[in-house]
Structure formats: C-alpha cells, structure tokens
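Summary of the model geometry
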Amino acid sequence: MPTTGDPGRTSEPVEATRPDSVLPELREMWWETGMRARAQAGVFAVFSELPRLVWAALVVSWRADRLRTSIVGATTVVAGLMSAFGLLAVQRVLVEFFAGGPTAEKVVAALPALVVLAAVTALRAGMAAGMGYAQNGLTPKVDREVERGLFEVTTAVRLEAFDADAFADDMERASRGADSTTGLVQASMNLLAGLAGVLAVAVAVVVVHPLLLLALLVATVPNGWASLRAGHLRYQTYAAGSVRRRRLWLLHRLMAERDSAPELRSYGLRGFLLDQYDRVMGVETSIQLALARRVTTTTTVGAMIGGIATAVVYVLLGSLLVDGQIPLAAAATCVIAVQSAQRSLAVVTFQIDRVYTEGQHFRDYTGFMTRAADYLPPAASNTHAVLQERLREVTVDAVSLRYPDRDRAAVDQVSLTIEAGQTVAFVGENGSGKSTLATMIATLRIPTAGTISYNGRAAEDWDPAALRSRIAVVTQEYHKWPFTAATNIAIGDTTTVAEQDRIEQAASRAVAHDMIAELPHGYETLLDRTFAGGQDLSGGQWQRITAARGFLRDADLLIMDEPSSALDPRAEDALFQAIRDRQGRAITILITHRLANVRHADRIYVLHHGRLVEAGTHEQLMSADGRYAELFTLQASGYDTSAPATATPLPRQTASA
Ligand SMILES: Nc1ncnc2c1ncn2[C@@H]1O[C@H](COP(=O)(O)OP(=O)(O)OP(=O)(O)O)[C@@H](O)[C@H]1O
C-alpha cells in the first residue's frame, strides 16, 4: 500500500509510521463482496436497471408531492413537443428562405413559421422555468419523505438488529442512499426531459427526411456511449471504495471530535492517526488518478469517433445535396438537428450516469428498508390487550437468550417471579447475564426461548406501547442526550407534559436538584459542550440526571442497572434511600456490584454464566454460604478497618464471559 505521508510533518515517534502497521479495517471486508459484484456489472446491466430506477424515483416523488410531480411530468412532455415543433418551424423557415424570388417576399412567406418558432421557443423557456420551480419545491419534500422513512425504521427496529452482522454498515449506506434520493429524482426527471428532447428531434428529422435519422444516430451514438462508459467507470470506482471512505470518515471523527480528543493527546496518537490518514488518502489519490486517466481516454476516444462520424454525416449530406436527392432546406435542418440532438444526448447520457449512480445508492436505501422490516416488532392489533391495571406480577419462565454468533446463551433457562411492591436484585460477576435478563424483562429484547408474563399474560399478548409505558429503565450505558438538563429528565416520560415541579421532584430523588440549580442556567442549561453556552457534566453528575429520568415516571416497574457506579458515597446513599422508598409500593429491579446496597432487597437472584444459581434474602444467602456469600464477604473485607493493610491475596476470580 503506497504511503504519501511526510513523516517530518509531525513530531511523533517514527514507530507509529511503520509501513506494515496497517489496521485490519483498511483491508477489504467480506461484506463488501455484494458491493463489488454490483460494481462489476457491465454497461448493459446499467441500461437494464434504468427503467426500474426511474420508476422508483417517480414513485417516491409522487408520494412526496403529487402536484409538483404532475407539473414536472406535464412540462417535460410539453417542452419535448415544443422542441419538435420548433425544429419543424425552422425547416419551414429555411424552405421559404431557400425558395426563389425577392428577399422581401421570402421573409413574408416565412413569417407564419417565424411566429410559430418564436412562440414555441418562448413556450419551451416557460416550460423549463416551470419545471425548475416545481423541481426545487420537490427537493425538500422528497428529502423529508425518504429521511423520515429511514428514521421511522431505525428507531423502531428491535435491539437485536444492532447485534446482527453488518447491520450498522448497511444502515450507514442506507443513510447515503437516503441523501441520494433527491439526486435520483432530479436526474430521472432531467433524463425524461432529455429523452423527450431527443425523441422530438428524431421525430422532426423523420418528418423532414427519414434517411436523416440514420445520420443523426451515427453522429450522436459514439459520444453517448463514451459518456455512459465513463459514468460506469466512476461508479465502479465508487462502489469498490466503500471501506476506504468509511475509514476516512472514521479517521475524520477520531481526529476532529471532542470525545476522542483527550485520549488522542494522552496516548500521543496524533502521528499514528495522521499516518493512517496519509495511507488511506495515498490509495485514494492513486485510484482517483487512474480513474481520471481511464475516463479521459474513454471520452477522448468517444469524441474522436463522434467527430469522425459527424464529418461523415456532413459529407454524406453534401453528396445527397449535390445529387439533388434532398432539398437544401432539409440538409440545413439536418445540420441544426444533429447539433440539437447532440446537445440533448449529452444531457441524456449525463443524466443516465447520474440516475445509475444515485440509483445504486437509493437501492442501498430500499434494500436496507426491506431487510430492516424483519426486525420491526409486530404492530399493536385488536388481539393485544391494553394493560389498564397496575403491574402486579412479572413471571420469567425458563427464559434464555443467545446473542447471534455466540456459543453460549447469555441467559440460560432462568425462571423467577417478581411481585408488586418487591425490590429484587440481580447480582453476579461481569458477563453473568444480569443486564440481558433485565432488558428482556423491560421488553427491549425478546427471549430466544421461554416466556415472560406480566399479570399472568405473555408479553406478546399485551399492547407493546402500553406495557412499556409501565416500565422505566435506567441503563448501565446511559446516553448523554444533547438537550437541556430539564429535557434530559423530562424525556423519561414523553406521554405527558412534564411540569417543572415533577422534574424537580425526580431530580431531588436522584440527588441531582442542587447540582442542576448550580449550573449557569439551572434546569435550562444545555448539556452539550459543542454548542455555544453548552455545559458538560462529570460522570457522576450525568448518572444523577439519568437516575432522575428513571424516577420521573413513577413506573410500576423500575429497572436500575448500575445506577451508582460513578456516584460519591453520599449521593449513592441518598439514591438507594429513594429506591427503598418504592419498596412495598412498586416493583424495582436493581443490578449492582455494590452488594451492600442489595441487603434490603426482598429477594436477591445470583446469576452465573447466564444461569440462576442462587436466590433468597441477604440473610438466607449468607447462611447458605454460596457464591453470593463469597462475593459479599470479599467486598466487605475491603471495608474492614481491623484487617491489616497487606491483606491476604484475594481469591482468583472465575472468568464468567
Ligand atoms: N449485544 C451483545 N452481543 C453479543 N454478546 C453480548 C451482547 N451484550 C452482551 N453480550 C454478552 O452476553 C453476556 C452477558 O452480558 P450482560 O451484559 O448481560 O452481563 P452482565 O452480567 O450485565 O455484566 P456486567 O456486570 O459486566 O454489566 C456476556 O458474555 C456478554 O459478552
């Protein structure tokens, strides 16, 4: 792989610029094979795909705005007709001009044709303006139609979709495809307009003299073919370079975004990343140069053959004229027609190129939408019951979940029952399946085996939205929503308008109120440093906001997955006090490694390698002296001030993942 980087540009160690230090991601990926197969399709394949792509564009356009699509269609047809009439009017004018007699009489005779010519020219210009106006209005509507469709799907697919092979990659290409739709619609309409123009010229030429159609084809086809081939070469290169582009995009983010900035500096990754950039750009540049050479050769050869063919046509016309086989006016019209057809054909071939290229991206979009539909949860139907009463009982019956491509089930045959008012805890070592079990209970994931029932009915029998509205989840990997502090809490319940006092109450329970009040704009402070006036919070402060979000909706079932990992001892104590306040009133599922916090739980479930290995109260589990007792004692020994500082080495942990 060529390197164009200049090592002298950075002061970083040369180590990072080792020629063989190419990250595996720079190589071609196996999932790229589909892309390459498509890229290798011949020019004929391009042609055969065009009608379907144009049709798809028209369908999208029609759905986005019927009126504007109709205007574009009508103006296209009328403009084509005007071209034909224009050419026939030109021929009529020439016939009159080339006839015998005084000039004044010839002009008078040609006057009606001249008037028609002026009218059709004006009308054609009017049509072009109308078409441009309608097309401009269509653009944002098409954008919205397609992009919203994409977001509707990406926000609805089940979580499993994000675990599936190459789903993210597929989605990334689909986003590019969504952006291409406007281009496809415009190119398709311009293509149809160009084709109408070519057709009009062809019809007009046949009317003047049938033989001239042949001349027209000979003079225009070589150039058309060359530009099609050039477009195809460009698409081939584009399609084959998808890994490179994604890599560049990734490097761009790594070098320019805030999240990676601290580690980039602390590990001195600048030289390494710049070197990676140079490598990828080196390859990209050489590929683009090779493409430019091939495109220039193709178009030059096309232009040369086209030039020779046009010369032959003119010679042919001249000899037909000398032999008296066609009148002078027809020959002159033919010259004008050839030029006009060449212009229209240039438009057509350019637009074919665009339709094909944008169409391929659009196909990525439609393909993604079809594939993603498999991940959509079933829509609520009449057979779904709406949960009206409070959640009294959650029953997990022999539930398992195996992630794709994993040998072992993350949760294996787990059965348990949680009743109203109970606070239960899931404990176990890293990777033992606690979060996976909780996400299934929260209906975010569907078990691969077993059933989870709510108030005695299986999850799939309940209306999904109604059931989910009874459950609040504070996840371990919480998201820092780039909204104000108030909105960050309010999004915990979007079904009602969150009043300020409700937000503040939730914040108080999560020990976040005082901290928020001290922010520059209090609850209205924007929690995104990348915008003017935005603020960032510490890890623990973010965790308080996240817990407040969970408390906002006083849910029948609250799942708190590691809610205190970044909290200081005082905040942690206050948070668990708030969680204990729910006891006897609503269900709380607590996942935490700080076992002191689960002592008050009504029931503690211990997971190991996805299996439920122990269950009971703290006292019961301690007297059972099993895995829980071992973990608890181990952790408690860290707080035992009577133990010597150089304590006995800790027992080896069993790897659980
Ligand atoms: N999206 C995923 N795709 C594939 N495997 C996953 C995924 N999420 C979790 N796993 C695997 O499933 C197992 C259980 O993970 P889970 O997150 O449920 O464990 P946990 O007990 O919550 O761990 P921790 O205490 O570290 O939070 C682990 O082996 C983990 O690697």
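Residues numbered from 1 in each chain as written. Predicted model: local features only at pLDDT ≥ 70, side-chain atom pairs only at ≥ 80, totals over all residues.

The next thing to look at is the overall build of the protein chain. In terms of regular secondary structure, the protein chain is built from 19 helices and 10 strands. Burial statistics for the protein chain: of 657 residues in total, 35% are counted as buried. A fraction of 79% describes how many contacts in the protein chain between residues 6 or more apart in sequence connect residues 24 or more apart. (Helix = DSSP H or I, 4+ residues; strand = E, 2+ residues; numbered from the N terminus. Buried ≥ 20, exposed ≤ 12 C-beta atoms within 10 Å, placed from the backbone. Contact = placed C-beta atoms within 7 Å.)

Let us now look at the UniProt feature "transmembrane region" (unreviewed entry) in the protein chain. In the numbering used here, UniProt assigns the "transmembrane region" (unreviewed entry) feature to residues 39-59, 71-90, 110-134, 191-219 and 301-322. In this annotation, residues 110-134 is assigned 100% helix and 0% strand; the end-to-end C-alpha distance for the span is 36 Å. Taken end to end, residues 301-322 is 100% helix and 0% strand, and its first and last C-alpha atoms sit 31 Å apart. (UniProt positions renumbered as here; feature names shortened; annotations may be inferred.)

Within an α-helix, residues lying three or four positions from one another point in the same direction, as the helix has 3.6 residues per turn. The buried fraction of helix 11 (residues 434-441) amounts to 7 of the 8 residues, a majority that puts the element mostly inside the structure. Residues Lys434, Ser435, Thr436, Leu437, Ala438, Met440 and Ile441 constitute the buried set of helix 11. Positioned one or two residues after helix 11, threonine 443 has a phi angle of 65°, which is positive.

Here we take up the pairing of strand 4 (residues 449-454). Bridge count between strand 1 (residues 393-401) and strand 4: 5 bridges; the pairing is antiparallel. What sits directly across from valine 396, in strand 4, is isoleucine 452. Sheet analysis places strand 4 next to strand 5 (residues 457-458), joined by 2 bridges and oriented antiparallel. Note on strand 5: the bridge partner recorded for tyrosine 454 is arginine 457. Where strand 4 folds back onto strand 5 in an antiparallel hairpin, the turn is made up of 2 residues, including asparagine 455, whose phi is positive at roughly 50°. (Pairing = 2+ DSSP bridges.)

Our next topic: the domain arrangement of the protein chain. Partitioning the protein chain into structural domains gives domain 1 (48-209 + 326-373), domain 2 (387-470 + 555-650) and domain 3 (480-554). In this structure, domain 2 and domain 3 have C-alpha centres spaced 26 Å apart. With 12 residues of domain 2 at the interface, the matching set in domain 3 holds 13 residues. Going through the elements one at a time, strand 7 (557-561) and helix 17 (569-580) are the ones with two or more residues in the side of domain 2 that touches domain 3. A per-element tally of the side of domain 2 that touches domain 3 places helix 17 first, with 4 residues. For the side of domain 2 that touches domain 3, the residue count by class is 10 nonpolar, 1 polar and 1 charged. (Domains from an automatic or database assignment. Nonpolar A, V, L, I, M, F, W, Y, C, P; charged D, E, K, R; others polar.)

Strand order in the open sheet formed by 6 strands is 6-7-8-3-9-10, and the pairing between neighbours is mixed. Pairing within the sheet leaves two strands with one partner each, and these edge strands are strand 6 (471-474) and strand 10 (611-616). Recorded for the sheet is a direction-independent mean angle of 15° between the axes of neighbouring strands. Relative to strand 8 (residues 587-591), strand 7 is paired through 5 bridges, and the arrangement is parallel. Its bridge partner being in strand 8, leucine 558 is matched across the sheet by threonine 588. (Axes fitted to C-alpha atoms, helices over the stretch in contact; angles between N-to-C directions.)

Along the chain, leucine 320 falls in helix 9 (residues 270-322). Classification of leucine 320 as partly exposed rests on a count of 19 C-beta atoms within 10 Å. Through-space distance from the C-alpha of leucine 320 to that of glutamate 152 is 64 Å; in sequence the pair is 168 residues apart. Ignoring sequence-local partners within four residues, the contact set of leucine 320 consists of Gln325 and Ile326.

The subject of this paragraph is the pairing of strand 6. Neither face of strand 6 is left uncovered, since the one carrying Ile471 and Val473 and the one carrying Ala472 and Val474 both have all their residues buried. Of the pairings in the sheet, the one linking strand 6 to strand 7 comprises 4 bridges and is parallel in character. The residue bridging valine 474 from the neighbouring strand is methionine 560, located in strand 7.

Read from one edge of the open sheet, 4 strands run 2-1-4-5, paired in antiparallel fashion. Edge positions in the open sheet fall to strand 2 (411-419) and strand 5, since each of these has one partner strand only. Sheet strands in contact with helix 11 are strand 1, strand 2 and strand 4, and its direction is about 125° off that of strand 1.

Structurally, aspartate 528 can be placed in the loop between helix 15 (513-517) and helix 16 (539-552). As a C-alpha pair, aspartate 528 and arginine 270 span 258 residues in sequence and 25 Å in three-dimensional space. Not counting residues up to four positions away in its chain, the partners in contact with aspartate 528 are Pro482 and Gly534.

Direction vectors running N to C along helix 3 (residues 66-98) and helix 10 (residues 328-373) enclose 145°, while the axes themselves pass 8 Å from each other. Seen from above, helix 3 lies across helix 10 with right-handed handedness. Contact with helix 3, carried on its side by Leu87, Val90, Gln91, Leu94, Val95 and Phe98, involves Leu328, Ala329, Ala330, Ala332, Thr333, Ile336, Ala337 and Ser340 of helix 10 and no other residues of that element. Here the contact of helix 3 with helix 10 is composed, by residue class, of 11 nonpolar, 3 polar and no charged. (Left-handed = near helix turned anticlockwise from the far one by under 90°.)

Across the interface, helix 14 (residues 500-509) lies against helix 16 with an axial gap of 8 Å and an inter-helix angle of 125°. Taken together, the axis directions place helix 14 and helix 16 in an arrangement best described as oblique. Crossing angle aside, the handedness with which helix 14 passes helix 16 is right-handed. Along its contact with helix 14, which presents Arg502, Ile503, Ala506, Ala507 and Arg509, the element helix 16 presents Ala548, Phe551 and Leu552. In terms of residue class, the contact of helix 14 with helix 16 is made up of 6 nonpolar, no polar and 2 charged. (Parallel < 35°, antiparallel > 145°, perpendicular 65-115°, else oblique.)

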